[in-house]
Amino acid sequence: MAALGWLTPRRRSATARSVLAGEASAEAARKTALAESPPLTGTAQAAEPEAPEAPAEPAFPVAGDDLAAAFFDLDNTVMQGAAIFHFGRGLYKRAFFQRRELARFAWQQAWFRLAGVEDPEHMQDARDSALSIVKGHKVCELMDIGEEIYDEYMAERIWPGTRALAQAHLDAGQKVWLVTAAPVETATIIARRLGLTGALGTVAESVDGIYTGRLVGEPLHGPAKAEAVRALAAAEGLDLTRCAAYSDSHNDIPMLSLVGHPYAINPDTKLRKHARTNDWRLRDYRTGRKAVKVGVPAAAGVGAIAGGAAAAVALHRRRK
């Protein structure tokens, strides 16, 4: 997809292009969600969890709070690794490009998995490679392929612990959105497969259903993510002070800072430090470490163990 764009990560404030990218992403997300009308798996009248442990603070998320929603980063937060790299692997299998490009994707993915951070050079390289590969292809063609690639490479890489957090919001009757620099089409597929409300992602320009190779604004990264969340919240009538956001990267501090309930999930070093300084909740599913703050749904504890096991299996397979 021409939407497979990545912004070279550098800390900066929102620009006109990032605002445009955020507003375009919010508009695309709402249109898709309204068209598909995915039902929430929980309602405001849902029964309370059975035999809950005595919480150290008020229950969260708050059931029936229709002014609240949850926003989840995708790469290394909801899913192990980066969606763009998994997508590239699937395109190679379908002969969209040659072995040389596959080796590049493999190296980028290996770095991402080991370092757990978004490297500027690798992300920019991934952006350039993807744009050249998919330019001129039909939107519907890439959507169909995206469904197949999810089953082949992404489904088994979802962190059970983070998935449990998202489900807690759904069970409370709240909407849950993915927010990612990945293509909005890819993000929407993943959101639908997970039973989430929808997705905010990088929006590509297309003419008569064909990708042009250009983006609307810029990739949904850093400040652009915050602008997308802000635009969606305004359109949906949400109170951001009652919303939650989850991410692994310090690049998402602008988005996390918008909401009243920020969570650092599998955090990189800079985000971990920032979260501790600002008393944000933390949860790491890579090692099973306990959250620094109390209040994360108990179901996530089981997910941490399962997530760690899944990561070990994935690495074992890759070494074969």
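Located above this text is the structure these notes cover.
To start, this report covers the structure provided alongside it.

### Re the overall build of the protein chain
Alright, step 1. Within the protein chain one finds eleven helices and eight strands.
Alright, step 2. Across the protein chain, every contact between residues at least 6 apart in sequence was considered, and the portion connecting residues at least 24 apart equals 69%.
Alright, step 3. A total accessible area of about 14100 Å² is found for the protein chain, and carbon and sulfur atoms account for 55% of it.

### A closer look at the pattern of salt bridges
Between side chains of opposite charge, pairing is possible as soon as their charged atoms come close.
Alright, step 1. The tally for this structure, following the rule as stated, stands at 14 salt bridges.
Alright, step 2. R193 serves as the salt-bridge partner of D151, at 2.5 Å between the closest nitrogen and oxygen. With D151 in helix α5 (residues 139-154) and R193 in helix α7 (residues 184-193), the pair connects residues that are 42 residues apart, well separated along the chain.
Alright, step 3. Residue classification places R193 among the partly exposed residues on the basis of a relative accessible area of 34%.

### Remarks on the packing of α5 against α7
Alright, step 1. Between α5 and α7, the least distance of the axes is 10 Å, while the angle of their chain directions is 55 degrees. Considered as vectors, α5 and α7 are oriented oblique to each other. Crossing angle aside, the handedness with which α5 passes α7 is right-handed. Where α5 abuts α7, its residues M143, G146, E147, Y150, D151 and M154 lie against E185, T186, I189, I190, R192 and R193.

### Describing α5
Alright, step 1. E148 marks where α5 bends most, by close to 25 degrees.
Alright, step 2. What α5 keeps buried is the set L142, I145, G146, I149, Y150, Y153 and M154.

### Overview of the sheet that holds strand β6 (residues 244-247)
Alright, step 1. The strand order across the open sheet formed by six strands is β3-β2-β1-β6-β7-β8, and the pairing between neighbours is parallel. The strands lining the two open edges of the sheet, one partner per strand, are β3 (198-202) and β8 (281-283). Pairwise comparison of adjacent strand axes, ignoring direction, gives a mean angle of 20 degrees for this sheet.
Alright, step 2. Bridge analysis of strand β7 (residues 261-265) against β8 gives three bridges, and the strand direction is parallel. Considered in β8, the bridge of I265 is made with R283.
Alright, step 3. Each of β1 (69-73), β2 (175-183) and β3 touches helix α8 (residues 223-236); the most contacted strand, β2, lies at about 145 degrees to it.

### Points about the packing of aromatic side chains
Alright, step 1. One pass over the full model with this rule turns up three aromatic pairs.
Alright, step 2. Ring geometry for F60 against Y263: centres 6.3 Å apart, planes inclined by 20 degrees, an arrangement best described as stacked. In this pair, F60 sits in the loop between α1 (16-36) and β1 while Y263 sits in strand β7, placing the two residues 203 residues apart along the sequence. Take F60 and Y263: they sit in the same class, and that class is buried.
Alright, step 3. Consider the rings of Y246 and Y263, whose centres lie 4.4 Å apart with planes at 20 degrees: the pair is stacked. With a gap of 17 residues between them, Y246 in strand β6 and Y263 in strand β7 connect regions that are remote in the sequence. The pair Y246 / Y263 is uniform in exposure class, with both members buried.

What counts, and where the lines are drawn
- Residues numbered from 1 in each chain as written.
- Predicted model: local features only at pLDDT ≥ 70, side-chain atom pairs only at ≥ 80, totals over all residues.
- Heavy atoms only, no water.
- Helix = DSSP H or I, 4+ residues; strand = E, 2+ residues; numbered from the N terminus.
- Contact = heavy atoms within 4.5 Å.
- Areas by Shrake-Rupley, 256 points an atom, 1.4 Å probe, with all protein chains shown as cover.
- Salt bridge = Lys/Arg side-chain N within 4 Å of Asp/Glu carboxyl O.
- Buried < 20%, exposed > 50% of the residue type's maximum accessible area, 1.4 Å probe, protein only.
- Axes fitted to C-alpha atoms, helices over the stretch in contact; angles between N-to-C directions.
- Parallel < 35°, antiparallel > 145°, perpendicular 65-115°, else oblique.
- Left-handed = near helix turned anticlockwise from the far one by under 90°.
- Bend = angle between axes of the 7 residues up to and from the residue.
- Pairing = 2+ DSSP bridges.
- Phe/Tyr/Trp six-rings, centres within 6.5 Å; stacked < 30°, edge-to-face > 60°.

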